[in-house]
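The primary structure of each chain is shown beneath.
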Amino acid sequence: MIRSVFIIVLAMSLQQCSYSQNNSTNNNSNKMDSTNKKAGQPKPGNPVYSNSDTSTVALTEEEWKKILPEEVYHIARQKGTERAWTSKFESFFDKGTYYCAACGNALFKSDTKFESGCGWPSFYEPISKTSIINTPDNSHGMVRTEVQCGRCKAHLGHVFNDGPPPTGLRYCINGVILDFEKAKQAEKKYNADGKEKPSN
Ligand SMILES: [Zn+2]
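Residues numbered from 1 in each chain as written. Predicted model: local features only at pLDDT ≥ 70, side-chain atom pairs only at ≥ 80, totals over all residues.

## Looking at the pairing of strand S9 (residues 178-182)
Convention followed: Buried, partly exposed and exposed are defined by the number of other C-beta atoms within 10 Å of a residue's own C-beta, namely 20 or more, between the two limits, and 12 or fewer respectively, with C-beta atoms placed from the backbone. Elements are defined by DSSP. Helices are runs of H or I of four residues or more, strands are runs of E of two residues or more, and each kind is numbered from the N terminus. At least two bridges found by DSSP between two strands is the condition for calling them paired.
The element S9 is largely enclosed, with a buried count of four among its five residues. Pairing geometry for strand S1 (residues 96-100) and S9, over five bridges, is antiparallel. In the sheet register, threonine 97 faces S9, and the bridge partner there is glutamate 181.

Structure below.
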């Protein structure tokens, strides 16, 4: 089962290869994990994944384990933390939208992303008030605020009070739990001119 899902995912990745190679030449393309799956499309083997359906997703841990890649499951459902500086999104500043890799819920816009120097992708504001859930987290002898996906309650990371204006917040998010979709405007420019241009 897991093997066949992997093969389907691999086949999908290969189909998208020509697009993503041209479109993201500056990415760390050697980190080909679930995050290289382009958002905005259904995910093979994940029936709850949607960028438009905002209804709450409530699956059992067994069901999540079946439909999520192992590393996504570890972060999302077991509150894992990826190693610092390992996410391709840590120093990635293309314009677009970041979605929950477990359910496809829109989480952050790229224009709220900033260079925090903490080793994880960082944002100062979620895309909407309902896109995420804040939960007190007193584990590991620390007083922190956990951030979860507002749709599927996947663990995303934590939010701290040392961020930049206008919010002063720093949403410190595991890159493994993020899917990125490039801004539509940038795609249009790319398609029209045959090469990517910086968008304003
Ligand atoms: Zn989610």
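Here the narrative resumes, following the displayed structure.
## Topic: the pairing of strand S2 (residues 106-109)
Where S1 meets S2, three bridges bridge the pair, whose relative direction is antiparallel. Considered in S2, the bridge of tyrosine 98 is made with phenylalanine 108. The turn joining S1 and S2, which pair antiparallel and follow one another in sequence, is formed by five residues; a positive phi near 90° is taken by glycine 104.

## Here we look at helix H4 (residues 70-78)
Put simply, the test is: The arc in question is the one traced by the directions running from the helix axis out to the C-beta atoms. Here the contact rule is simple: place C-beta atoms from the backbone, and any two residues whose C-beta atoms are within 7 Å are in contact.
Within H4, the full set of buried residues consists of Val72, Ile75 and Ala76. Down the axis of H4, the smallest arc covering the buried residues is 90°, so these residues share one side. The outward face of H4, more than 90 degrees from its buried face, is lined by the exposed residues Glu70 and Gln78. Against strand S7 (155-160) lie the buried residues of H4. In the stretch just after H4, lysine 79 is the one whose phi turns positive, near 55°.

## Some points on the sheet that holds S1
We count it as follows: Helix axes are fitted only over the stretch in contact, all axes being lines through C-alpha atoms; the angle between N-to-C directions runs from 0 to 180 degrees.
Ordered in space as S2-S1-S9, the three strands form an open sheet in which the pairing is antiparallel. What marks the edges here is a single partner per strand, and that holds for S2 and S9. Sheet twist, expressed as the average angle between the axes of neighbouring strands with direction ignored, equals 30°.

## Here's the deal with the sheet that holds strand S8 (residues 170-173)
Strand order across the open sheet formed by six strands is S3-S4-S8-S7-S6-S5, with antiparallel pairing between neighbours. The open sheet has two edge strands with one neighbour each: strand S3 (113-114) and strand S5 (132-137). With four bridges connecting them, S7 and S8 associate as antiparallel partners. Its bridge partner being in S8, glycine 157 is matched across the sheet by isoleucine 173.

## Observations regarding the confidence of the model for the protein
Formally: What pLDDT reports is the predictor's confidence in each residue, on a scale of 0 through 100.
When pLDDT is averaged along the protein, the result is 81; 72% of the residues meet or exceed 70. Below a pLDDT of 50 lies the segment residues 5-36, which in the model reaches 29 contacts outside its immediate sequence neighbourhood of four places, other chains included.

## A look at the nonpolar core
The condition that has to hold: By definition, a nonpolar core groups buried Ala, Val, Leu, Ile, Met, Phe, Trp, Tyr and Cys residues that are joined through C-beta atoms within 7 Å.
Counting 34 residues, the largest nonpolar core has Cys100, Ala102, Cys149, Ala154 and Ile177 as the members making the most contacts within it. Contributions of two or more residues to this core are made by H4, S1, S2, strand S6 (144-149), S7, S8 and S9. Ignoring anything within four residues of it in the chain, the contact list for cysteine 149 reads Cys100, Ala102, Cys103, Asn105, Leu107, Ile132, Ala154 and Leu156.

## Some thoughts on the environment of cysteine 118
Note on placement: cysteine 118 falls in the loop between S3 and strand S4 (122-123). Residues cysteine 118 and alanine 84 lie 34 residues apart in sequence; the distance between their C-alpha atoms is 7.5 Å.

## Re unusual backbone geometry
For the peptide bond that leads from proline 165 to proline 166, omega is 5°, which places it in the cis range. Relative to the helices and strands, proline 166 is located in the loop between S7 and S8. Here lysine 79, not a glycine, exhibits a phi torsion of approximately 55°, which is positive. Its location among the elements puts lysine 79 in the loop between H4 and S1.

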